[in-house]
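Listed below, chain by chain, are the residues.
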Amino acid sequence: MRLREAKRAQLAARGLGSYPNDFEPTHSTAEAYALFIAQRAWLEPFSPLAPGEEAAPETGKGGPQLEAPWLRLAGRVRAINVKGKVAFVRIQDRGAIDLPTLRRRENALRVEAGLPERDAETATFQLFFSRAEDEERFDLLFKSDGEQPPLLDVGDIVGAGGLPFRTQTGEPSLRLRTGMGQAPTLQILTKSIRPLPDKWLGLQDKELRHRQRYVDLIVHDEVRARFAARARIVSAIRRFFEARGYLEVETPMMHGLIGGAAARPFETWHNALGVPLYLRIAPELHLKRLVVGGLERVFEINRNFRNEGLSQRHNPEFTMLEFYEAFATYQHLMTLVETLLEELSVSLHGSSTLHFGVDAAGEKRAISLAAPFARVSVWEGLQRWGGLSAAEVHDAAILRAKLRGLDLEPAADAPIGKLQMDLFEAVAEPHLIQPTFVTAFPIEVSPLSRRNDADPRLADRFELYIGGFEVANAFSELNDPDDQYQRFDEQVQQKAQGAAETMDMDLDYIRALQVGLPPTAGCGVGIDRLVMLLTNTESIREVILFPLMRPEQFGAAGGDDASADAQASDGQEAGAGAATGRVGGGAEPR
RNA sequence: GGGUCGGUAGCUCAGUCGGUAGAGCAGCGGACUUUUAAUCCGUAGGUCGAGGGUUCGAGUCCCUCCCGACUCACCA
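Summarised in this report is the structure supplied together with it. A quick note: this is a predicted structure, and the numbers were derived from the prediction, not measured. (Residues numbered from 1 in each chain as written. Chains lettered and ligands numbered in written order. Predicted model: local features only at pLDDT ≥ 70, side-chain atom pairs only at ≥ 80, totals over all residues. Heavy atoms only, no water.)

1. What to know about the sheet that holds strand S20 (residues 469–476)
Item 1. Strands sit in the order S9-S13-S14-S21-S20-S19-S18-S17 across an open sheet of eight strands; the sheet is mixed. The open sheet terminates on both sides in strands that have one partner only, identified here as strand S9 (247–248) and strand S17 (374–377).
Item 2. Across four bridges, S17 lies against strand S18 (residues 436–442) in parallel orientation. Bridging from a neighbouring strand, Ser377 pairs with Thr439 of S18.
Item 3. Across the face of the sheet, helix H9 (residues 330–349) comes into contact with strand S14 (317–326), S17, S18, strand S19 (458–466), S20 and strand S21 (520–526) while running at roughly 10° to S19.
Item 4. Packed on one face of the sheet, helix H15 (residues 527–534) meets strand S13 (297–305), S14, S19, S20 and S21 and runs near 60° to S21. (Pairing = 2+ DSSP bridges. Helix = DSSP H or I, 4+ residues; strand = E, 2+ residues; numbered from the N terminus. Contact = heavy atoms within 4.5 Å. Axes fitted to C-alpha atoms, helices over the stretch in contact; angles between N-to-C directions.)

2. What to know about H9
Item 1. Compared with the 28 Å implied by 1.5 Å per residue over 20 residues, the 28 Å span of H9 between its first and last C-alpha is a close match.
Item 2. For H9, the set of buried residues is Tyr330, Leu333, Met334, Leu336, Val337, Glu338, Leu340, Leu341, Leu344 and Ser345. (Expected span 1.5 Å × (residues − 1). Buried < 20%, exposed > 50% of the residue type's maximum accessible area, 1.4 Å probe, protein only.)

3. As for the packing of aromatic side chains
Item 1. Summed over the entire model, instances satisfying the criterion amount to 20 aromatic pairs.
Item 2. With a centroid separation of 6.4 Å and 50° between ring planes, the pair formed by Tyr33 and Phe36 is classed as tilted. Of this pair, Tyr33 and Phe36 both sit in helix H2 (residues 29–36), three residues apart, roughly one helical turn.
Item 3. On the accessibility criterion, Phe36 (0% relative accessible area) is buried.
Item 4. Ring geometry for Tyr246 and Phe323: centres 6.2 Å apart, planes at 80°, overall edge-to-face. With Tyr246 in the loop between helix H7 (221–242) and S9 and Phe323 in strand S14, this residue pair connects regions lying 77 residues apart in the sequence.
Item 5. Look at Phe323 and you get buried, because its relative accessible area is 1%. (Phe/Tyr/Trp six-rings, centres within 6.5 Å; stacked < 30°, edge-to-face > 60°.)

4. Topic: the pairing of strand S12 (residues 275–279)
Item 1. Bridge count between strand S10 (residues 254–255) and S12: two bridges; the pairing is antiparallel. Paired with Met254 across the strands is Leu279, a residue of S12.
Item 2. With four bridges connecting them, strand S11 (residues 267–270) and S12 associate as antiparallel partners. Within S12, the residue paired with Trp269 across the bridge is Pro276.
Item 3. In sequence, S11 turns back onto S12 through a hairpin of four residues, with Gly274 there showing a positive phi of about 65°.

5. Regarding the protein's contact with RNA strand B
Item 1. Taken together, 50 residues form the shell around RNA strand B, and within it Asn81, Thr169, Lys199, Trp200 and Glu308 come nearest.
Item 2. At the protein interface, 61% of the atoms of RNA strand B within 4 Å belong to sugar or phosphate.
Item 3. In the environment of RNA strand B, a base oxygen lies 2.7 Å from a nitrogen or oxygen atom belonging to the side chain of Arg90.
Item 4. Here Glu308 contributes a side-chain N or O atom positioned 2.2 Å from a sugar or linking oxygen of RNA strand B.
Item 5. Every element with two or more residues in the surface near RNA strand B is listed here: helix H1 (2–13), strand S3 (71–83), strand S4 (86–92), strand S5 (125–130) and helix H5 (206–211).
Item 6. Its residues assigned to classes, the surface near RNA strand B comprises 14 nonpolar, 14 polar and 22 charged. (Near = heavy atom within 4 Å. Polar contact = N/O pair within 3.5 Å; in protein donor to acceptor, adjacent residues only side chain to side chain. Nonpolar A, V, L, I, M, F, W, Y, C, P; charged D, E, K, R; others polar.)

6. Observations regarding the environment of Gly162
Item 1. Along the chain, Gly162 falls in strand S6 (residues 157–166).
Item 2. When the C-alpha atoms of Gly162 and Pro48 are compared, they prove to be 9.3 Å apart, with 114 residues separating the residues in sequence.
Item 3. Residue contacts for Gly162: discarding those within four places in its chain leaves Pro69, Trp70, Leu71, Leu174, Arg175, Leu176 and Arg177.

7. Things to note about the sheet that holds S11
Item 1. With antiparallel pairing, the three strands of this open sheet are ordered in space as S10-S12-S11. Both edges of this open sheet fall to S10 and S11, since each of them pairs with a single strand only.

8. Digging into the packing of helix H10 (residues 378–386) against helix H12 (residues 416–427)
Item 1. At their nearest, the axes of H10 and H12 sit 9 Å apart, and the two run at 50° to each other. Viewed along their axes, H10 and H12 adopt a mutual orientation that is oblique. Pair H10 / H12 crosses with left-handed handedness. Residues Val378, Trp379, Gly381, Leu382, Trp385 and Gly386 of H10 pack against Gln420, Met421, Leu423, Phe424 and Val427 of H12.
Item 2. Looking at the contact of H10 with H12 residue by residue, the class counts come to eight nonpolar, three polar and no charged. (Parallel < 35°, antiparallel > 145°, perpendicular 65-115°, else oblique. Left-handed = near helix turned anticlockwise from the far one by under 90°.)

9. A few points about the pairing of S5
Item 1. Among the six residues of S5, six are classified as buried, and the element is accordingly described as predominantly covered.
Item 2. By the alternation rule, side chains of S5 split into Phe125, Leu127 and Phe129 and Gln126, Phe128 and Ser130, which are all buried.
Item 3. Sheet topology note: the S4/S5 ladder contains six bridges and is antiparallel. Residue pairing for S5: Val86 is matched across the bridge by Ser130.
Item 4. In this structure, S5 lies alongside strand S7 (residues 172–176), joined through three bridges in parallel fashion. Residue Leu127 lies in a different strand from S7, and its bridge partner there is Leu174.

10. A look at the pattern of salt bridges
Side chains bearing opposite charge may pair, as long as their charged atoms lie close to each other.
Item 1. Evaluation of the coordinates by the stated rule reveals 41 salt bridges.
Item 2. Its salt-bridge partner being Arg238, residue Glu248 comes within 2.7 Å of it at the nearest N-O pair. Highlighted residues: Glu248 in strand S9 and Arg238 in helix H7, separated in sequence by 10 residues.
Item 3. Exposure remark for Glu248: the relative accessible area of 32% places this residue in the partly exposed category.
Item 4. Close ionic contact of Arg289 with Asp508 constitutes a salt bridge, the shortest N to O distance being 2.7 Å. In this pair, Arg289 sits in helix H8 (residues 284–292) while Asp508 sits in helix H14 (residues 507–516), placing the two residues 219 residues apart along the sequence.
Item 5. Judged by relative accessible area, Asp508 falls into the partly exposed class, the value being 32%.
Item 6. What you see here is one network of salt bridges that share partners, running through Arg209, Arg213, Asp216, Arg226 and Glu542. (Salt bridge = Lys/Arg side-chain N within 4 Å of Asp/Glu carboxyl O.)

Below, the structure written as structure tokens:
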């Protein structure tokens, strides 16, 4: 690293500037690559001619000479391969996400043309620099002059200009050229002074990968691809709802009351108003207020915050899709969710079948998102997987005994609906691999759901399970203000008895219901878990760019941390345990 | 909080019975005019997570602590 800082100084000293910002690429690497498969002649090795340039047979090594447009590319250097008087530099830019797809498309064309297939996984684009093109620059960047090492390093951001051509081995490349009023062959735009990890194995330490996601994204193609997929999924969800007349809205992240779900909140404080606020645990009550206000179809994709533990499937802040539709029931929403998931799978994978995890035999587990999904009621599930008879499902003593048999100690005052759900989750969830709507929830665990007309013990509600975990939760909304008041009141009493995860009495919400909520159904979908499912990812931390982690300690023992390097002259005490990154000399890197 | 595993060069990892600290990649020097995990020759790089103990001698054995991964519990 010290050596690289010296190189940066050298660049400045030679008038090559540090941190120039006037280089304008004409193409991304993917756009450049697309040129190579747009016409048949470019599929086989050729040498480039600038527009108007005369062919010169002696320079035509590698195939016929073809006229080609001048390109400027910019990207991060991922590999340098100097071979005598020529150098190959592989760069990576935003086109890396699309390059594998383009390479596969090229292979299809090559097969059609009778040419051998080529490696399709590489996400970098090759630059070809012949020393004859610009000896001085070539030597500066790639050769040692006895004192000064080569100035170009893996990790640097470069700008390159030249003509597209295909090498003898068939690799689409940019042949760096100078002159004709164009930018120089190759220039360093940003010097990277911190070396990248191993070029093949990358970063293996999960902690480092999550803390230094910027490095993770540079060196791991599959990580980049996964987050690109996430963006496509979210975008497709928006289009899906917009096409159905839904309005996307944003409701408060800071709430004065806890509501919309059962979870512990993060607490904060507003100084000017002098009131406590809670980061929202769900947007539900605000979205339903909007339906009262006449926005009959609304959706929100935003963060929820729950002050709970971390696990492979839990992050304290997570992204939730919630949508509400007036004059619909939870039955309608089942159809809607089926359609959404099938469309997402098809648009992402080209198929309604995807693979998620492995089964007991270690085989890839196929999941079919083709509608319709299976449906099972909570009571049926207890019978099917819990070994209960139809009568035992309603016997609190039996349920308690079963739970104890599973080492789950039910609360002494737990209502029967809570016992049923606890047992259901324990015995049924592992079986819900293929998409399954669980329906007919006990009313006691559904404080915001409409009561079932036929059976007052049940709520008009479903949860969707896929791959053994909950993906969606929906119900026909309770729109009777008196009933809602009662249920809030029960929550408040539970809280008074010490329950940590309850809702507050929300009198404004009651007032909204008194104004009148049309018959409405609403649904919440955990976006992170949905992305996990659609990208075959086992951990929620792999689908969240910056998952919550314990704060990093800078300035502790050990040389290679940002504050020690950046503030080497900072004489403050930074002993282990003293610096937390927020206090003292251990400042965060900027 | 419990259990299991781990922390050795910038990165990925070896390190036998307790006996001079190792490799590949990256770096640095050299050769090479179509490579693509380039190749070949040379070279440099270490407070073995921290502290204590046992020992003639500790990366290795013991104790305490720190950090992390996985997992269980917790988490509608």
